[in-house]
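Summary of the model geometry
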Amino acid sequence: MPRRSSFTSFAQILPALFLAGGAAMAAPVPQDVAPAASAAAPAPRPEAANVALTFDDLPGIVLKPDQNYLDATNRSLVNSLVSHHFPAIGFVNEGKLNEIIRRRQIAVLHLWLNAGFDLGNHTYSHSSPNKVGVNGYIADIARGERLIRPMMEAAHRNLQWFRHPYLETGSPKRVKAKIDSWLTAHGYKIAPVTIDCDDWEFAEPYDNAVMSGDTAEAERIRGVYLAYTEQTIAWDRRAAQLEFGRPIAFVMLLHDTRLNADSFDGLVAILDRQNLHPVSLAQAMADPAYRTPDIYHGRDGIEWLERWSKVLRKNLPWDDFEDVPKDIVKEYNKLEDE
């Protein structure tokens, strides 16, 4: 999605991130960001709103297969969530369990469950109905619950949340309708997304820097990521205000990565500055905004603010949103091509 934001600039955001504590403190200002000409008055504190923190692709995304790295990532992330008393949910791709050491990958899921966090279904292989067809996609959803459903039942919880990989929900309309019908019949609710900061695109370059021992580059990526995240959240808040005339409860898409584990203190500071208070996914979904019909049935995976703009006939300020920085995109594409 072409997004640009005039809400605030990287030059305004980054100094605040250095004061936030944790991983963001040492992050240098990117060279292509000019310092502010003068100290601007702080922006007024946004109106309070709730946000559900959702993490995709458990038991984790990692650039190179390294179980110790993945275990440490999850311990750090879970410990940070617990220490801040933040509710969260992790969406699982069961196919990932076989990618490194299966018993330890399963132990990662138990780590989340034992810490009090629910698990959701994210398909078995992170597939798309655009690629595997409607029947193949439904089969992949069903395959994605073979382990986590009994795990949730053993923890006396219901497996009820499903998230579409790539946010691709089915096209054309009949395909989407068939998927929706199957999900409803099997007790699933779709987990939408109303804040998406493209963290996955920063995660692989960050892994590459950490794994190669390039501390300075890792710090730089964290700083750029946190600045971009705050900028994106501010735009999403503005877009929701345009659509509903009030702050809504948001559902934030994050991924189970070392980047988010190492950036957690910075993320906490951003939520505080944005006056966003973490709640469970069920609590966020109780907001009447989520009863807005989702009539979109195109092939692209788009988040729900854009979907709702079609039914509400509201024009979102796309000209005011910034894309992921080009150097991050370039590094991500390079790593994907290797």
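Refer to the structure printed above.
Here the structure is a predicted model, which means the values were calculated and not measured.

Definitions and cut-offs
Residues numbered from 1 in each chain as written. Predicted model: local features only at pLDDT ≥ 70, side-chain atom pairs only at ≥ 80, totals over all residues. Heavy atoms only, no water. Helix = DSSP H or I, 4+ residues; strand = E, 2+ residues; numbered from the N terminus. Buried < 20%, exposed > 50% of the residue type's maximum accessible area, 1.4 Å probe, protein only. Contact = heavy atoms within 4.5 Å. Areas by Shrake-Rupley, 256 points an atom, 1.4 Å probe, with all protein chains shown as cover. Axes fitted to C-alpha atoms, helices over the stretch in contact; angles between N-to-C directions. Parallel < 35°, antiparallel > 145°, perpendicular 65-115°, else oblique. Left-handed = near helix turned anticlockwise from the far one by under 90°. Nonpolar A, V, L, I, M, F, W, Y, C, P; charged D, E, K, R; others polar. Salt bridge = Lys/Arg side-chain N within 4 Å of Asp/Glu carboxyl O. Phe/Tyr/Trp six-rings, centres within 6.5 Å; stacked < 30°, edge-to-face > 60°. Polar contact = N/O pair within 3.5 Å; in protein donor to acceptor, adjacent residues only side chain to side chain. Core = buried A, V, L, I, M, F, W, Y, C linked by side-chain atoms within 4.5 Å.

A look at the overall build of the protein chain
The helix and strand inventory of the protein chain stands at 13 helices and 8 strands. Taking all 338 residues of the protein chain together, 54% fall into the buried category. Of all intrachain contacts in the protein chain linking residues separated by at least 6 positions in sequence, the fraction that spans at least 24 positions is 84%. Carbon together with sulfur atoms contributes 51% to the accessible area of the protein chain, which is approximately 14900 Å² in total.

Here we look at the packing of helix H8 (residues 215-244) against helix H12 (residues 304-312)
Taken N-terminus to C-terminus, the directions of H8 and H12 make an angle of 20°; their axes are 11 Å apart at the nearest point. Judged on the interaxial angle alone, H12 and H8 are roughly parallel. For H8 against H12, the interelement crossing comes out left-handed. Of the residues in H12, those in contact with Asp236, Ala239, Ala240, Glu243 and Phe244 of H8 are Leu305, Trp308, Ser309 and Leu312. A breakdown of the residues in the contact of H8 with H12 according to their chemical character gives 6 nonpolar, 1 polar and 2 charged.

Focus on the packing of H8 against helix H10 (residues 264-273)
Packing of H8 against H10 leaves a shortest axis separation of 10 Å and a crossing angle of 25°. Our classification of the angle between H8 and H10 gives roughly parallel. The crossing of H8 and H10 is right-handed. Contacts between H8 and H10 involve Tyr225, Leu226, Thr229, Glu230 and Ile233 from the former and Gly266, Leu267, Ile270 and Arg273 from the latter. Here the residues of the contact of H8 with H10 are counted per class, giving 5 nonpolar, 2 polar and 2 charged.

Considering the environment of Ser83
One can find Ser83 in helix H2 (residues 67-83). Of the residues examined, Ser83 reaches a relative accessible area of 49% and is grouped as partly exposed.

As for the pattern of salt bridges
Inspection of every chain in the model, using the stated rule, returns 12 salt bridges. Across the pair Arg157 and Asp118 runs a salt bridge whose closest N-O atoms are separated by 3.0 Å. Here Asp118 lies in strand S3 (residues 118-121) and Arg157 lies in the loop between helix H5 (148-154) and strand S4 (161-162), a separation of 39 residues in the sequence. The residue Lys176 makes a salt bridge to Asp294 at a minimum N-O spacing of 2.9 Å.

Comments concerning the packing of aromatic side chains
Enumeration over the complete set of coordinates arrives at 13 aromatic pairs. Plain terms: the ring middles of Trp182 and Tyr188 are 6.3 Å apart, the flat faces sit at 20° to each other, and that makes the pair stacked. Among the residues examined, Trp182 registers a relative accessible area of 16% and is labelled buried. On the accessibility criterion, Tyr188 (6% relative accessible area) is buried.

Comments concerning the side chain of Asp56
Locating Asp56 in the fold gives a position in strand S1 (residues 49-58). With a relative accessible area of 3%, Asp56 lands in the buried category. Among the polar contacts listed, one links the side chain of Asp56 to the side chain of Arg163, at a separation of 2.9 Å. Contact partners of Asp56, with chain neighbours within four places excluded, come to Phe91, His122, Arg163, Leu253, Leu254, His255 and Asp256.

Description of the nonpolar core
Residues Leu53, Phe55, Leu81, Trp112, Leu119 and Phe202 are the most contacted members of the largest nonpolar core, which totals 83 residues. Looking at this core, the element that brings in the most residues is H8, giving 10 residues. Filtering out sequence-adjacent residues up to four positions away, Phe55 remains in contact with Leu77, Leu81, Ala88, Ile89, Gly90, Phe91, Trp112, Leu254, His255 and Asp256.

Section: unusual backbone geometry
The residue after Leu58, namely Pro59, is reached through a cis peptide bond having omega 10°. That bond from Ser171 to Pro172 is cis: its omega, 5°, falls within 30 degrees of zero. Mapped onto the secondary structure, Pro172 falls in the loop between S4 and helix H6 (173-185). In this model, His85 sits at a positive phi of 60°, which is unusual for a non-glycine residue. Among the structural elements, His85 can be located in the loop between H2 and strand S2 (89-92). A relative accessible area of 71% means that His85 is categorised as exposed. The backbone of Arg313 shows a phi angle near 55°, a positive value even though the residue is not glycine. By relative accessible area, Arg313 is classed as exposed at 77%.

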